[in-house]
2 protein chains.
Amino acid sequence: MKKIAVLGYGVVGSGVVELFYKNKAKIEKNTGSELDVKYILDLREFPGDPYADKVVNDINIILNDPEVGYVAECMGGVNPAFQFVSSCLKAGKSVSTSNKQLVAEKGDILLQIAKENDCNFFFEASVGGAIPIIRPLHTCLAGNDISAAAGILNGTTNFILEKMFCDKMGFDEALKLAQELGFAERDPSADVDGADACRKVCILASLIFGKHVYPESVYTKGIRDITLQDVELAQNFGGAVKLIGCTKKLDDGRILSTVMPMVVPNDSLISHVNGVFNAVMVWGDGFDKTMFYGRGAGKLPTASAVLGDIIDCVKAEHTVMSHEWVNTNSTDFVAGIDAFEAPRFYRTNSFDAAVFENAAKAANVTLEQTAENGCIISSCDNASSDAFVKALEEAGAEVLAQIPVMSD
Amino acid sequence: MKKIAVLGYGVVGSGVVELFYKNKAKIEKNTGSELDVKYILDLREFPGDPYADKVVNDINIILNDPEVGYVAECMGGVNPAFQFVSSCLKAGKSVSTSNKQLVAEKGDILLQIAKENDCNFFFEASVGGAIPIIRPLHTCLAGNDISAAAGILNGTTNFILEKMFCDKMGFDEALKLAQELGFAERDPSADVDGADACRKVCILASLIFGKHVYPESVYTKGIRDITLQDVELAQNFGGAVKLIGCTKKLDDGRILSTVMPMVVPNDSLISHVNGVFNAVMVWGDGFDKTMFYGRGAGKLPTASAVLGDIIDCVKAEHTVMSHEWVNTNSTDFVAGIDAFEAPRFYRTNSFDAAVFENAAKAANVTLEQTAENGCIISSCDNASSDAFVKALEEAGAEVLAQIPVMSD
């Protein structure tokens, strides 16, 4: 019998243990192997917990036990997770992690160690929680040249934006509700300022394009500046404001990765993704486009993805199924935000449509939609957008918000 | 170098060859193996085709060539595909197929042969075309107890229903347009009468519940009876009519599988899936729900899925990754349509709301929404629905259409 060790007995780790024992018979049938959780690594004690006897607080017990073939890392953070995971892989134990920070910062190294030691390093849970996205990208869609991926990678901000959109709440009120419901931390910065989505973009970009994209290479802007007025005007234009993480290959071959609020037109499925749900659209030459949708966080949803990885590890014994990406020690392949092009949404004070028309002519951009307090223009770069804003302001208009529009 | 054989050089087969050569370098990097297409099996000749020299018309050439490790079956139909695929698997060659009829009718046997011969039988392309759904179900989501899957499994009917919904076309006009655009066959029966969706439901049901569900066990109703008036009334009630394939486990453990038009409320993402796109929602205990969306048919989309399978076969050399399901030689585990429960939509001639209220009371069902020419009632079984219809008719109302409502 092969044994599993779970590192970290917090929300996700306890979810992994709970879901494993709930569906143990089914999982064993699926893998064709008897399986059990042998150790749970945590510095805390869990008196009264049904699995308290499995808790150990020394990683060496796990590293030195040849019975342990599979490790679920659910601790979070880079240290000591990185050392623990490295050591497990070096000992030939396949690892599944839910730790997006670890993968975003150290994925290249860990994938390399796994390969050298003939075992797997999987991280399905690190992007989109329960949503199958990592494995489909490097298996089902692997015959394609993938050009871009974009979507809602953070459930907290999506919940807040939906409350603004549907219930006409202001940002602060919606954030407070998210905190009360446990969807947002007391310090909500990692969610609302985009750092969480940024890590997930790094993982998607690295996986799709084969080169490690670090968080510093992702243009990241959160949703703190989004007002109810922005959301309402976007709604009038037939769209919803969403925090969109995106990575795409430009015509010159460079990779542009961004996290920013965008207006998503209603004809894109992404605009209809509400609540704490996540969704990622992927574009490629063979399949055209495909979208993955589901819960991006939570105890059992995240555990579901970790367990799926473990099951694949068991089935793929001695087969290195995990993908790899390289650290090029260069950021030459990364484009800066100056290379960004998109249609744009502007909110202004109220005035005559002629002001928009004249400014568009002056800046050589194309108006798509206008209202008395805003407009949408066709895709352009930042320089053209700046010229349009300048022309508007010279005509006496005040530009209160500008938000790029997502193209499908 | 391991070689690939493609069986059938029609739309899908030629797509597989085209996409393979377009992305050959990327695929070889991904698999870590040099790969090439050695044979294309077809009875026809293809003078002038760039790969004409690879065309053979005798399956034995492929069976007897030990260099051929992977076979893409793109012929369609059960015969001779079944014999060819069986023989390939018995020769230890892994097979990927896009042939839903073959999988729906012979999947259990072929999976067993693959297992006995230490190779893989994959069929990602058989459900939802390009959409990664089969592999995520038996890998990423394998730690869960999956309770149901439902969605849009046929792009042709979805295109027709969208044209009715958005462009106010009648069924015949929309079908004609679909035929003109090449989305529907001259004989559209397999699509509009539900047989195509039925096969996909069989595959999903068999995969999820582990027992082969045959087409005869799926209650199947197409969209020929759907009128523009039905679609418009559903729209007024806040929903869209879609052809929904569904398989679910009932409380008594039996499996109920259906294909039928349903009214999908707008708060379900499924209602926003338009054009020839497909989407499948899956429910399970750990992940809650997740949806997969993309192109359900077409040359390169289908080829994308077949190639993804081949890549997995190459990576999983000597590891049987494919799932299996058994033929129980019984249909005791299959529930009939009498076990079906759902909210219901009715379209009637116009009359007073009191008629609906009295009929609901008489039939002991709960009205949810009413209009002057129809209503929606809460979930009930067929007997209650029949009683409601009878009560309406006794009050002089004419029931012009009844359509179940999909619950999320």
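Quick notes on the rules
- Residues numbered from 1 in each chain as written.
- Chains lettered and ligands numbered in written order.
- Predicted model: local features only at pLDDT ≥ 70, side-chain atom pairs only at ≥ 80, totals over all residues.
- Heavy atoms only, no water.
- Helix = DSSP H or I, 4+ residues; strand = E, 2+ residues; numbered from the N terminus.
- Buried < 20%, exposed > 50% of the residue type's maximum accessible area, 1.4 Å probe, protein only.
- Contact = heavy atoms within 4.5 Å.
- Polar contact = N/O pair within 3.5 Å; in protein donor to acceptor, adjacent residues only side chain to side chain.
- Least-squares fit on C-alpha atoms with pLDDT ≥ 70 in both.
- Pairing = 2+ DSSP bridges.
- Buried area = accessible area lost by both parts, 1.4 Å probe.
- Salt bridge = Lys/Arg side-chain N within 4 Å of Asp/Glu carboxyl O.
- Nonpolar A, V, L, I, M, F, W, Y, C, P; charged D, E, K, R; others polar.
- Axes fitted to C-alpha atoms, helices over the stretch in contact; angles between N-to-C directions.
- Phe/Tyr/Trp six-rings, centres within 6.5 Å; stacked < 30°, edge-to-face > 60°.
- Lys NZ or Arg CZ within 6 Å of the ring centre and 35° of its normal.
- Core = buried A, V, L, I, M, F, W, Y, C linked by side-chain atoms within 4.5 Å.
- Parallel < 35°, antiparallel > 145°, perpendicular 65-115°, else oblique.
- Left-handed = near helix turned anticlockwise from the far one by under 90°.
- pLDDT = per-residue confidence, 0-100.
- Expected span 1.5 Å × (residues − 1).
- Arc of directions from axis to C-beta.

A. Molecular detail of the environment of Thr31(A). All names here are of chain A. Take Thr31: it is sitting in helix 2 (residues 24-31). The exposure class of Thr31 is buried, given its relative accessible area of 11%. In this structure, the C-alpha to C-alpha distance between Thr31 and Ala149, residues 118 residues apart in sequence, is 31 Å. Dropping the residues within four chain positions of it, Thr31 is found in contact with Ile311, Val314 and Lys315. At 3.2 Å, the side chain of Thr31 forms a polar contact with the backbone nitrogen of Ser33.

B. Here's a closer look at the relation of the copies chain B and chain A. For the pair chain B and chain A, the relating rotation is 180°, the translation along its axis is 0.0 Å, and the fit reaches an RMSD of 0.0 Å. Here the symmetry operator amounts to a two-fold rotation axis. By C-alpha distance to the rotation axis, the residue of chain B lying nearest is Phe292(B), at 2.5 Å. When you check the interface residues of chain B against chain A, 100% turn up at the interface there too, and the contact is symmetric in its surfaces.

C. Summary view of the sheet that holds strand 5 (residues 94-97) of chain B. Residue and element names in this part refer to chain B. Read from one edge to the other, the open sheet built from 6 strands follows the order 3-2-1-4-5-6, with strand pairing classed as parallel. Since the sheet does not close on itself, it has two edges, and those belong to strand 3 (55-56) and strand 6 (121-122), each with one partner. Pairing between strand 5 and strand 6: 2 bridges, direction parallel. Bridging across to strand 6, Ser96 finds its partner in Phe122.

D. Highlighting the interface of chain B and chain A. Tallying the contact residues gives 50 residues for chain B and 50 residues for chain A. Summed over both partners, the interface of chain B with chain A buries about 4200 Å², with 56% contributed by carbon and sulfur atoms. The tally of links from chain B across to chain A stands at 6 salt bridges. Residues Lys26(B) and Asp145(A) are paired through a salt bridge, measuring 3.3 Å at the closest nitrogen-oxygen approach. For the interface between chain B and chain A, the tally reads 16 residue pairs in polar contact (both at pLDDT 80 or more). Listing elements by their share of the side of chain B that touches chain A, those giving two or more residues are helix 1 (11-22), helix 2 (24-31), helix 6 (134-138), strand 11 (277-284), strand 12 (288-295) and helix 12 (299-315) of chain B. Among the elements that line the side of chain B that touches chain A, the one with the most residues is helix 12 of chain B, at 9 residues. Residue classes in the side of chain B that touches chain A are distributed as 24 nonpolar, 14 polar and 12 charged. Both strand 12 (residues 288-295) of chain A and strand 12 of chain B contribute to a ladder of 5 bridges, which runs antiparallel.

E. Spotlight on the sheet that holds strand 14 (residues 367-371) of chain A. All names here are of chain A. Ordered in space as 14-15-13-16, the 4 strands form an open sheet in which the pairing is antiparallel. Either end of the sheet is taken by a strand with one partner, and the two such strands are strand 14 and strand 16 (399-404). In this sheet, adjacent strand axes meet at a mean angle of 25° when their direction is disregarded. Across 6 bridges, the pairing between strand 13 (residues 341-348) and strand 15 (residues 374-381) is antiparallel.

F. Structural detail: the packing of aromatic side chains. In total, this model carries 21 aromatic pairs over all chains according to the counting rule given. Taken together, a centroid distance of 4.7 Å and an interplanar angle of 10° make the contact between Tyr21(A) and Tyr51(A) stacked. Of this pair, Tyr21(A) sits in helix 1 (residues 11-22) while Tyr51(A) sits in the loop between strand 2 (35-41) and strand 3 (55-56), and the two are 30 residues apart along the sequence. Directly above the ring of Phe82(B) sits Lys106(B), whose terminal nitrogen or CZ lies 4.9 Å from the centroid.

G. Local environment of unusual backbone geometry. Cis geometry is adopted by the peptide bond preceding Pro80(A), which originates at Asn79(A) and carries an omega value of 5°. Here Pro80(A) is to be found in the loop between strand 4 (68-73) and helix 4 (81-90). Of note, the phi angle at Asp288(A) is positive, near 75°, even though the residue is not glycine. Counting through the fold element by element, Asp288(A) comes out in strand 12. Owing to a relative accessible area of 27%, Asp288(A) belongs among the partly exposed residues under this scheme. Even without being glycine, Asn329(B) reaches a positive phi, approximately 50°. With respect to the secondary-structure elements, Asn329(B) resides in the loop between helix 12 and strand 13 (341-348). Take Asn329(B): its relative accessible area is 69%, and that puts it in the exposed class.

H. Geometry of the nonpolar core. Core analysis: the largest hydrophobic core is formed by 172 residues, its most contacted members being Phe121(A), Ile133(A), Val282(A), Phe121(B), Ile133(B) and Val282(B). Counting 58 residues, the second-largest nonpolar core is a separate cluster that includes Val16(A), Val12(B), Cys74(B) and Ala303(B).

I. Representation of the pairing of strand 14 (residues 367-371) of chain B in the model. Residue and element names in this part refer to chain B. Here 4 bridges tie strand 14 to strand 15 (residues 374-381), and the two strands are oriented antiparallel to one another. Counterpart to Thr370 in the pairing with strand 15 is Cys375. Where strand 14 folds back on strand 15, the antiparallel hairpin that results is connected by 2 residues.

J. Structural context of the packing of helix 1 of chain B against helix 12 of chain B. Residues and elements named next belong to chain B. Close contact between helix 1 and helix 12 brings their axes to 8 Å; oriented N to C, the two are set at 70°. With respect to each other, helix 1 and helix 12 are oriented roughly perpendicular. Taken as a pair, helix 1 and helix 12 cross one another with a handedness that is right-handed. Contacts from Val11, Val12, Ser14, Gly15, Val16, Glu18, Leu19 and Phe20 of helix 1 reach helix 12 at Lys299, Leu300, Thr302, Ala303, Ser304, Val306 and Leu307. Of the residues that constitute the contact of helix 1 with helix 12, the class distribution is 9 nonpolar, 4 polar and 2 charged.

K. Spatial organisation of the confidence of the model for chain A. Summing up the model confidence of chain A, the mean pLDDT is 95 and the portion of residues at 70 or higher is 100%. Interface confidence for the predicted complex, expressed as ipTM, amounts to 0.95; the pTM equals 0.95.

L. Representation of the packing of helix 2 of chain A against helix 12 (residues 299-315) of chain A. Residue and element names in this part refer to chain A. It is at 9 Å that the axes of helix 2 and helix 12 come closest, and there the two elements cross at 35°. The way helix 2 lies across helix 12 gives a crossing that is right-handed. Residues Ile27, Asn30 and Thr31 of helix 2 lie in contact with helix 12, whose contacting residues are Leu307, Ile311, Val314 and Lys315. Residues belonging to the contact of helix 2 with helix 12 are distributed by class as follows: 4 nonpolar, 2 polar and 1 charged.

M. Up close: the pairing of strand 2 (residues 35-41) of chain B. Residue and element names in this part refer to chain B. Among the 7 residues in strand 2, 6 count as buried, and that is most of the element. Strand direction decides the pairing type here: strand 2 and strand 3, joined by 2 bridges, are parallel. Bridge pairing links Leu41 to Val56 in strand 3.

N. Region of interest: helix 14 (residues 382-394) of chain A. All names here are of chain A. Compared with the 18 Å implied by 1.5 Å per residue over 13 residues, the 18 Å span of helix 14 between its first and last C-alpha is a close match. Listing the buried residues of helix 14 in full gives Ser385, Phe388, Val389, Ala391 and Leu392. Buried residues of helix 14, viewed axially, fall in a sector of 160°; they line one side. Opposite the buried face of helix 14, by more than 90 degrees, sit the exposed residues Ala383, Lys390 and Glu394. Those residues of helix 14 that are buried lie in contact with strand 13, helix 13 (353-363), strand 14, strand 15 and strand 16. Following helix 14 by one or two positions, Gly396 adopts a phi angle in the positive range, close to 95°.

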